[in-house]
Each structure stands twice: as structure tokens, then as C-alpha cells.
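One letter stands for each residue in the lines below.
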Amino acid sequence: METLQRITNCMIEYEGRLLMIKKPKRGWWYVPGGKMEHEELAPEAAAREVYEETGLTIRRPELRGILTHLVTDGESYVEKRTMFLFYAKGFSGTLRSRSPEGELDWIPVSGLSDIPMDEADRKAVNAVMNEPGLLYGTLIYNHHRELQEAVFELNGRRL
């Protein structure tokens, strides 16, 4: 039986900066998030993942993107994930000094183009930061996790 993995990520903005995690495997920056539990609602999963990774409790996360990630071996799709991308400005708590997932830092929104990150993630984050609405996307990677194609739509137009 084929499974579809569900992921939630949450962009947390504070004073013109986004909270990001630098994962040690590739050295790339990501917004906090991770796998959903089977019966979990997407906003609950986003809040849980943010808390586990950062120590912060987000308030009223807003769904801002639905992205499909596909990994192909050239013949078929070997991995399929749906990511629900949330956005939150309100939070409470104290940021962990260390995250189990990697290095935490508040990255200036103006500096997002200067940090190492997946180019499709960068485009999605920038789209959400710069325009209201719900972002849709399909991202295709090869089995080396190299981006092959990215298609985005926001407010009825392709990006």
C-alpha cells in the first residue's frame, strides 16, 4: 500500500526576521516543522512541531501554502509528501538554546536570499512573505534530493 506523508512547517515572523533551523545534514536552513501524527489536524501538528523544535508556543497559525513534494527515481515516484505551510506572528515562550533538529536563528527577511536553502523553499517563503493568499505548489526532486522542477500558483497566477 502506497503511503502519503503529511508534513507541517511554520514560518514564524518577529521584528522583520524569520525563525529558521539549520539542519546539519546539508547545512541548509528550513522553517520549523515535521511529520504529522496519523490523526492530528494540520494546525495542531504545526504547533507541536514548532514547540518540539524551538520551545515556542505559536498562536493562531494561518495556513498559507499547500505543497506537494515528489521524489522520482526516473521511472516512478518513490516518495510523496504533502506539506501544509503555516505562518504565525504571535508566540510565547523562550527559544531553546539548542534544538534537537539543528541550529536555531532569527534570519532577517531581507537576508533570505543570502543563506543556503532549497531554492523551492526560498521561493515559497518569499511568496508567502510578499503576498497574501494561499500558495499552491508541486516540487519534483530526483533521488539525490536535487530539485528538478517547481511549479507555484498564488492568487490564480503562476509564479
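Located above this text is the structure these notes cover.
Since the model is a prediction, treat every value here as computed from it, not as a measurement. (Residues numbered from 1 in each chain as written. Predicted model: local features only at pLDDT ≥ 70, side-chain atom pairs only at ≥ 80, totals over all residues. Heavy atoms only, no water.)

Novice: It is not clear to me how the layout of surface pockets should be interpreted in this structure. Could you clarify?
Specialist: It is a probe the size of a water molecule, rolled over the atoms, that shows where empty space is left. Space inside the largest pocket adds up to approximately 810 Å³. In terms of lining, the largest pocket is formed by 24 residues, of which the most central are Ile7, Lys23, Tyr30, Arg81 and Arg145. For the lining of the largest pocket, the elements supplying multiple residues, two or more each, are strand 1 (5-14), strand 4 (33-35), helix 1 (42-54), strand 6 (62-72) and strand 7 (77-88). Taken together, the residues of the lining of the largest pocket break down into seven nonpolar, five polar and 12 charged. (1 Å grid on protein atoms, 1.4 Å probe; cavity = no way out; pocket = protein on both sides within 12 Å on 5 of 7 lines; lining within 4 Å. Points joined across faces, edges and corners; volume = space filled by probe spheres on them. Helix = DSSP H or I, 4+ residues; strand = E, 2+ residues; numbered from the N terminus. Nonpolar A, V, L, I, M, F, W, Y, C, P; charged D, E, K, R; others polar.)

Novice: I keep staring at the pairing of strand 6 and nothing clicks. Help me out?
Specialist: Along a regular strand, successive side chains alternate from one face of the sheet to the other. Here 10 bridges tie strand 6 to strand 7, and the two strands are oriented antiparallel to one another. Across the sheet, Ile66 pairs through a bridge with Phe84, a residue of strand 7. Between the end of strand 6 and the start of strand 7, which pair antiparallel, lie four residues, with Gly74 showing a positive phi angle near 100 degrees. Bridge analysis of strand 6 against strand 10 (residues 135-142) gives eight bridges, and the strand direction is parallel. From the neighbouring strand, Ile66 faces strand 10, where its bridge partner is Tyr136. (Pairing = 2+ DSSP bridges.)

Novice: Just checking my understanding: could you explain unusual backbone geometry for this structure?
Specialist: Across the chain, the bulk of peptide bonds are trans and the bulk of non-glycine residues have phi less than zero. One non-glycine residue, Glu15, adopts positive backbone phi at about 50 degrees. Within the element layout of this structure, Glu15 appears in the loop between strand 1 and strand 2 (17-22). Among the residues examined, Glu15 registers a relative accessible area of 63% and is labelled exposed. (Buried < 20%, exposed > 50% of the residue type's maximum accessible area, 1.4 Å probe, protein only.)

Novice: Hey, could you run me through the pattern of salt bridges in this one?
Specialist: Side chains that carry opposite charge are capable of pairing whenever their charged atoms lie near each other. Scanning the model with the defined rule gives 11 salt bridges in all. Residues Glu15 and Arg17 are paired through a salt bridge, measuring 3.8 Å at the closest nitrogen-oxygen approach. In this structure, the salt-bridge partner of Arg122 is Glu119, at a minimum N-O distance of 2.9 Å. Placement of the pair is Arg122 and Glu119 together in helix 2 (residues 119-130), with a separation of three residues, close to one helical turn. When salt bridges that share partners are traced, they join Glu37, Glu40, Arg48, Glu49 and Glu52 into one network. (Salt bridge = Lys/Arg side-chain N within 4 Å of Asp/Glu carboxyl O.)

Novice: Please explain empty space enclosed by the protein as it appears in this structure.
Specialist: One pass over the structure, following the stated rule, counts one cavity of 30 Å³ or more. Mapped by element, the contributors of at least two residues to the lining of the largest cavity are strand 7 and helix 2. At three residues, helix 2 tops the list of elements feeding residues into the lining of the largest cavity. Class assignment of the residues belonging to the lining of the largest cavity gives a composition of eight nonpolar, one polar and one charged.

Novice: Could you clarify how one ought to interpret the side chain of Asn142 in this entry?
Specialist: With respect to the element layout, Asn142 can be found in strand 10. A polar atom in the side chain of Asn142 sits 2.7 Å from the side chain of Glu146. Beyond its immediate sequence surroundings of up to four residues, Asn142 is in contact with Val71, Thr72 and Gln148. (Polar contact = N/O pair within 3.5 Å; in protein donor to acceptor, adjacent residues only side chain to side chain. Contact = heavy atoms within 4.5 Å.)

Novice: Looking at this structure, I do not really get the nonpolar core. What am I missing?
Specialist: Buried together is how nonpolar side chains tend to be arranged in soluble globular proteins. Grouped together as the largest cluster of nonpolar side chains are 25 residues, with contacts concentrated most on Met11, Met20 and Leu135. Going through the elements one at a time, strand 1, strand 2, strand 6, strand 7, helix 2, strand 10 and strand 11 (147-154) are the ones with two or more residues in this core. By residue number, the principal contributor to this core is helix 2, which donates five residues. Beyond its immediate chain neighbours, meaning those up to four positions away, Leu135 contacts Arg64, Gly65, Ile66, Leu67, Ala124, Ala127, Val128, Phe152, Glu153, Leu154 and Leu159. With 17 residues, the next largest nonpolar core counts Ile12, Phe84, Phe91 and Trp106 among its residues. (Core = buried A, V, L, I, M, F, W, Y, C linked by side-chain atoms within 4.5 Å.)

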